[in-house]
Amino acid sequence: MIRRLLTITLIVLAPLLLSKAAIAETTANHNGQPVQTQPLTMEALLQQLQQGMQNDRQLNQQRLLQFRNDRALQQEKLRLLQQEVTAVEKQGRTLEAEFDQNSQQLATLNDTLSLKLGAMKALFGSLQQVANETRADFADSLTQAQFPERDGFLKAFSEKMGSATRLPDLHELERLWFELQREMVESGKVVRFDTTVNLPDSGQSVESVTRIGLFNLVHNGSYLAYAPETGQLMTLPRQPDDRYLDKLSSLDGAQPLPLNIAIDPTRGQLLTMLVDVPGLVDRIGQGGAIGYGILALGLLALIISLERFVSFFWLGRKVNWQLRHRETPVADNPLGRLLLGFSRYGQHSAEALELGLSEILTYEIPALNRRLVLLKTIAVITPLMGLLGTVTGMIITFQAITLFGTGDPRLMAGGISQALVTTVLGLTVAIPTMLLHALVSGRAKALAQIMEEQAASLITGVSDRPVSATGESLVKRAGNEQPSRRYSEEFA
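Residues numbered from 1 in each chain as written. Predicted model: local features only at pLDDT ≥ 70, side-chain atom pairs only at ≥ 80, totals over all residues. Heavy atoms only, no water.

*Asks:* Mind showing me how you'd approach the sheet that holds strand β4 (residues 222–227) here?
*Replies:* Sheets are built from strands that pair by backbone hydrogen bonding, the pairs being arranged parallel or antiparallel. An order of β1-β2-β3-β4-β5 is seen for the 5 strands of this closed barrel, with the pairing classed as mixed. Sheet twist, expressed as the average angle between the axes of neighbouring strands with direction ignored, equals 50°. Across 10 bridges, strand β1 (residues 190–199) lies against strand β2 (residues 203–212) in antiparallel orientation. The residue of β2 that forms the bridge with Val-190 is Ile-212. (Pairing = 2+ DSSP bridges. Helix = DSSP H or I, 4+ residues; strand = E, 2+ residues; numbered from the N terminus. Axes fitted to C-alpha atoms, helices over the stretch in contact; angles between N-to-C directions.)

*Asks:* Would you mind showing me how to read the confidence of the model for the protein here?
*Replies:* The predicted coordinates of low-pLDDT regions are not to be read in fine detail. Taken as a whole, the protein shows an average pLDDT of 75; of its residues, 76% reach a score of 70 or greater. Of all the helices and strands in the protein, helix α15 (residues 485–491) carries the lowest mean pLDDT, 36, while helix α5 (residues 170–186) carries the highest, 88. Low pLDDT (under 50) marks residues 20–32, which in the prediction has 4 contacts with non-local residues, meaning those over four places away or in another chain. Note that pLDDT drops below 50 for residues 467–492; the model gives that stretch 45 contacts with residues more than four away or on any other chain. (pLDDT = per-residue confidence, 0-100. Contact = heavy atoms within 4.5 Å.)

*Asks:* Before we go on, may I ask you to explain the nonpolar core in this structure?
*Replies:* Counting 23 residues, the largest nonpolar core has Phe-312, Leu-335, Leu-338, Leu-357 and Leu-368 as its most contacted members. Mapped onto this core, the elements with two or more residues apiece are α9 (288–324), α10 (334–345), α11 (350–368) and α13 (410–463). Among the elements that line this core, the one with the most residues is α13, at 9 residues. Setting aside chain neighbours within four positions, we find Leu-335 in contact with Val-319, Gln-322, Leu-323, Met-451 and Gln-454. Formed by 11 residues, the second largest nonpolar core is a distinct cluster that contains Leu-142, Val-209, Tyr-226 and Leu-233. (Core = buried A, V, L, I, M, F, W, Y, C linked by side-chain atoms within 4.5 Å. Buried < 20%, exposed > 50% of the residue type's maximum accessible area, 1.4 Å probe, protein only.)

*Asks:* Would you take a moment to explain the side chain of Ser-141 for this structure?
*Replies:* Looking at the secondary structure, you find Ser-141 in the loop between α3 (120–139) and α4 (150–163). Here the side chain of Ser-141 touches Glu-183 through a polar contact of 2.7 Å, side chain to side chain. Aside from chain neighbours lying at most four places away, what touches Ser-141 is Arg-150, Glu-183, Leu-214, Tyr-226 and Arg-267. (Polar contact = N/O pair within 3.5 Å; in protein donor to acceptor, adjacent residues only side chain to side chain.)

*Asks:* Can you help me understand the pairing of β1 in this one?
*Replies:* On a regular strand, one side chain projects to one face of the sheet and the next to the other, so that they alternate. The antiparallel hairpin formed by β1 and β2 contains 3 residues in its connecting segment. In terms of strand pairing, β1 meets strand β5 (residues 232–235) through 2 bridges, oriented parallel. Paired with Val-197 across the strands is Leu-233, a residue of β5.

Below is the structure:
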């Protein structure tokens, strides 16, 4: 029995003893001096136990008192919150009843409004339709660049008419009528105004722009393009031909009206198509290397023809002069050299003279036909080069069809352009070259005919000469008997 009591006592007092020991050790450590502990007796242990139980009882009473005080405060807060919830619920029921009453009143007022409006609803629909159509027309109009603020008014007016809650104001109807009337008036004017233009070099800048009715916008003698999606003005990537731009610079008022100026009634569509049409340089570039080769041969043929024409012109003048002055042959023309050769071989027999003159003609006539073979060759090979370009272009076209199909014709346009352009270039060079060859050959044949007739005349005169005749008298006699006057006059 005693043993059990001691066990229970130790269990109860063990925490207390441990805490006392820790406190004593802490105190000794803080003071720096050891504390001497005395062994506890059972009475002291019981006293400490009673003292600890009393302290715990006082602490628990303080806690219970604090808890009771806190519970009273929480109950007071709960009471206030319950009162506030009750007031809010009461206010909610009041507002709900008011909402139901207002809903019924609103429905009644809407019915009354619908009844009073009657046919006015059709007016709202008509005004909304007119506003939407007007806004769509103005969006694509060139006047939008000058009056961009009207789009906001038309949008707000259309939304207002779509709600159909109240009648439009008088000033709104007047504004709608004014915008329609202004569009009609501005369609017949040529006006100048300042607006933002996207220039390729300097970017966006405020420039002075001339508007020609609803057709075109002009800036510094060039046409502008209007983008309805962004509402911006920009210069065209390429302007049309000069014949369309000649009179645009006259719009600054320097010349009196009226002016003959090209306009686009489709608001830019025809101008865009006209700009997309390739020019002469672009079409030549579509021919590729073969096209440039054909043009080079054509230029060479032109140079040869001009050189031959100029040469035959001066030779013709000299030969014509020599025909009139046969007694004084000059070596700067073929006929003069022929007469000089006759003077040199004139004392020989007719056979020797014929051989000598034939030798001179053999030298002079090929000189007249010099470079004519090259001219004829160019006229023959340029169509063949055009045919080569045609075959090459068709090969490129078929390759594009094989790779991409026939869905997009633009993929085949390059090969077809080369096929057609080279053919055109070949024929364009060949036909004038053949004509020039014919003209130049005619001139050469005319001069050769004069030379041959003069040689035949000289040989005939030698066949009938007296034995004592001199070279000079033979030239005079042969000149009197020559029958080629009509050729000299024709050539001159």
